[in-house]
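Spelled out from the first residue to the last, the chains are:
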Amino acid sequence: MTASTSRRSALRLGGAAVAAAVAVPVLGSPASARSHGSDPAPGSDGVGDPLFPTLGNGGYQVVHYDLTFDFTPVIYDFTAVVKINAKATQDLSAFNLDTDGHAIDAVTVGGRTADWALSAGKSGQELTVTPGRPLHRGQAFTVEIRYHGNGKAPRLGLTGWKFGTDGGFASAAQSSRADTILPCNDTPSDKATWTFHISAPQGFVATANGELLHRSPRADGSTVWHFALRERMATELIGIAVVKGTYLYGTSHRGLPLRHIVPQGQEDKYGPIVARTADHLAWLEAKFGRYPFSVYGLHIYDGYTDALENQTLSLFSTNWFKLNANGRPGYETTMVHELTHQWFGDSVTPDNWQQAWLNEGPAVYYAGLHGEERGWSVFADKMKATYEKLDAIRAADGPPGLPKALGGTNIYDGGALVLYALSRQIGQRTFDKVMREWVKRFKDSTYTSEEFIAHTVEVTGDPSLDAFLRDWLFGALNPPMPGHPDWKAAA
Ligand SMILES: [Zn+2]
């Protein structure tokens, strides 16, 4: 996403937000069955993310999510079913899913009714599922959860629902709010493939990540839209919506299918804007190689106030698309930012949120280079200004590689500054190779900063880059900028 709003969500996840939240009643039968036999134990209620300790759950990995979502615009009620294919990574007597603000109607494991219980977590709720029989390590299993609720119902933390003037909604779940859309394993470390079946009444369209497979009409005049995302996706990047929108189709210069959703009646305004995507794709593919997914597009919606890189379908506020005071289409910088994320963040995903500098750093870096090539700005000027203020930001918010929260300049412009320093140290050609090989090597996978350091040393054959990157990423102060010995921290 862009820098303006993610900090707020990180701060809201603190204790005050939870303490002030409305209590959600616990429904269903208590988790009572306990195991016997091999020594199965409950999976943990978090995967130990340094910034969000109870995000995600231990003891299993999701393989596939299948989400059926039946939403009624204007009144915001919904009923839903999520079917999860997963694999146990330990002997499990019980396991958790992250959820927030849903009424759970029924839970089955392997087709059999399972016990379940809801409890308050740090950034939402924990749904503890106790199957009738323990699961064995390595065992594939299915979980089906029927649930319902209202999009505007109170939640323990922030919501991933964004409401437009049309009575519809779009999901914007980064970093930890996919659990307000569906019960899930809400950690970027557990990526899965997805299918969606989203219903929309007459006059509305449905969207989701991935390819639109087909639409099935229903007797009441509504339509179910079926989508499939073949590449794995982290929950934080879910992009479903039911809106009064128009699909606009196109192709990239090499033939990649493009589909955009713009507000109904504003096709003439937004058509030429979304068509710029083809040039942006060609520019980035020349740097990184092929775009990693089978479709891309923008969803432009007045219910959102920022821009967010939902996988294959970036979500943009209508507010972005105005010309700058100097008459330039500055919004193209944001379009390139979110498109860069399709490689850095979506295809290659942080294992935990403390690695987010390598999502946001490349997005800022390449959007800045793109603006410079267009003659809109000088990227080195932006980097010099960042250098001058980053020492103070390191002290307050943590260095780029060890942020205390998400959303700060340390991981955005600071992350770009780390990459800029590396490019000055090893030269642009070698730097380009490091980045190109990185998105190839970690495609459809997750990474840590340590893996980026090791990768850089390996690609360059230069062991001194280990200490170089550690100083830039984790140090209390900026190291000297290669090629710019005159750059200094602001007094
Ligand atoms: Zn971003």
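The structure presented is a predicted model; accordingly, all values stated were derived computationally and were not measured. (Residues numbered from 1 in each chain as written. Predicted model: local features only at pLDDT ≥ 70, side-chain atom pairs only at ≥ 80, totals over all residues. Heavy atoms only, no water.)

Participant: Explain the nonpolar core residue by residue, including any values.
Facilitator: Most often, soluble globular proteins keep nonpolar side chains buried together rather than apart. Counting residues in each nonpolar core, the largest one holds 134 residues, and the members touching the most others are F69 and I238. A per-element tally of this core places helix α8 (residues 413–426) first, with 8 residues. Setting aside chain neighbours within four positions, we find F69 in contact with F78, T79, A80, Y147, W161, F169, I181, H197, I198, S199 and I240. (Core = buried A, V, L, I, M, F, W, Y, C linked by side-chain atoms within 4.5 Å. Buried < 20%, exposed > 50% of the residue type's maximum accessible area, 1.4 Å probe, protein only. Helix = DSSP H or I, 4+ residues; strand = E, 2+ residues; numbered from the N terminus. Contact = heavy atoms within 4.5 Å.)

Participant: Could you give me a rundown of the sheet that holds strand β1 (residues 41–42), with the residues and numbers involved?
Facilitator: What the 4 strands build is an open sheet, ordered β1-β4-β8-β7; its pairing is mixed. Strands at the two margins of the open sheet, each flanked by one partner only, are β1 and β7 (115–120). (Pairing = 2+ DSSP bridges.)

Participant: Now, about the confidence of the model for the protein: what can you tell me, with residues and values included?
Facilitator: The predicted coordinates should not be examined in detail at positions where pLDDT is low. When pLDDT is averaged along the protein, the result is 92, and 93% of the positions lie at 70 or above. Contacts for the low-pLDDT stretch residues 4–36, under 50 throughout, to residues beyond four places or in other chains number 55 contacts. (pLDDT = per-residue confidence, 0-100.)

Participant: Go over the packing of helix α4 (residues 277–288) against helix α5 (residues 331–343) with me, naming the residues and quoting the values.
Facilitator: It is the contact of α4 with α5, at a shortest axis distance of 10 Å, that shows an interaxial angle of 45 degrees. With respect to α5, the element α4 is oriented oblique. In this structure, the crossing between α4 and α5 has a hand that is right-handed. Residue-level inspection shows T277, H280, L281, W283, L284, E285 and F288 of α4 in contact with α5, the latter providing E332, M335, V336, L339, T340 and W343. Looking at the contact of α4 with α5 residue by residue, the classes come out as 8 nonpolar, 3 polar and 2 charged. (Axes fitted to C-alpha atoms, helices over the stretch in contact; angles between N-to-C directions. Parallel < 35°, antiparallel > 145°, perpendicular 65-115°, else oblique. Left-handed = near helix turned anticlockwise from the far one by under 90°. Nonpolar A, V, L, I, M, F, W, Y, C, P; charged D, E, K, R; others polar.)

Participant: Let's hear about the packing of aromatic side chains: which residues, and what values?
Facilitator: This structure, assessed with the given rule, holds 40 aromatic pairs. With a centroid separation of 5.5 Å and 15 degrees between ring planes, the pair formed by W225 and Y247 is classed as stacked. With W225 in strand β15 (residues 223–233) and Y247 in strand β17 (residues 245–251), the pair connects residues that are 22 residues apart, well separated along the chain. On the accessibility criterion, W225 (5% relative accessible area) is buried. (Phe/Tyr/Trp six-rings, centres within 6.5 Å; stacked < 30°, edge-to-face > 60°.)

Participant: For the environment of D346, give the residues involved together with the corresponding values.
Facilitator: As for its placement among the helices and strands, D346 is situated in the loop between α5 and β22 (348–350). Remark: the alpha-carbon pair of D346 and G221, spanning 125 residues in sequence, is separated by 35 Å. What D346 contacts, discounting residues up to four positions off in sequence, is K191, L237, F293, E309, N310, Q311 and H341.

Participant: Which residues make up α4, and what values go with them?
Facilitator: With 12 residues, α4 extends 16 Å between its outermost C-alpha atoms, agreeing within 8% with the 16 Å of an ideal straight helix rising 1.5 Å per residue. Along α4, the residues that are buried comprise T277, A278, H280, L281, W283, L284, E285 and F288. Following α4 by one or two positions, G289 adopts a phi angle in the positive range, close to 90 degrees. (Expected span 1.5 Å × (residues − 1).)

Participant: Would you mind going over empty space enclosed by the protein in detail, with residue names and values included?
Facilitator: Applying the stated criterion across every chain, the model contains 3 cavities of 30 Å³ or more. Each pocket or cavity is described by its volume, and for the second largest cavity that value is around 50 Å³. Around the second largest cavity sit T54, L55, D98, G121, K122, S123, G124, Q125, E126 and D179, which together line it. Across the lining of the second largest cavity, the residue classes break down as 1 nonpolar, 5 polar and 4 charged. (1 Å grid on protein atoms, 1.4 Å probe; cavity = no way out; pocket = protein on both sides within 12 Å on 5 of 7 lines; lining within 4 Å. Points joined across faces, edges and corners; volume = space filled by probe spheres on them.)

Participant: Go over the UniProt feature "domain: Peptidase M1 membrane alanine aminopeptidase" (unreviewed entry) in the protein, please, and point to the residues and values.
Facilitator: The positions that UniProt labels "domain: Peptidase M1 membrane alanine aminopeptidase" (unreviewed entry) are, in the present scheme, residues 280–472. Secondary structure across residues 280–472 comprises 55% helix and 8% strand; the distance between its end C-alpha atoms is 29 Å. (UniProt positions renumbered as here; feature names shortened; annotations may be inferred.)

Participant: Quick rundown of the sheet that holds strand β12 (residues 192–200)? Include the residues and the values.
Facilitator: As summarised here, the arrangement of the 8 strands in space is β6-β5-β9-β3-β2-β12-β15-β14, forming an open sheet in which the pairing is mixed. Lying at the two open borders of the sheet, with one neighbouring strand each, are β6 (112–113) and β14 (211–217). Summarising the sheet, strand β3 (residues 77–88) and strand β9 (residues 140–150) pair through 11 bridges and their orientation is antiparallel. What sits directly across from V82, in β9, is I145.

Participant: Residue-level account of the pairing of β17, with values.
Facilitator: As paired elements, β17 and strand β18 (residues 257–263) share 7 bridges and run antiparallel to each other. Its bridge partner being in β18, Y249 is matched across the sheet by R259. The loop that links β17 with its antiparallel partner β18 comprises 5 residues; one of these, G255, has a positive phi angle of about 100 degrees.

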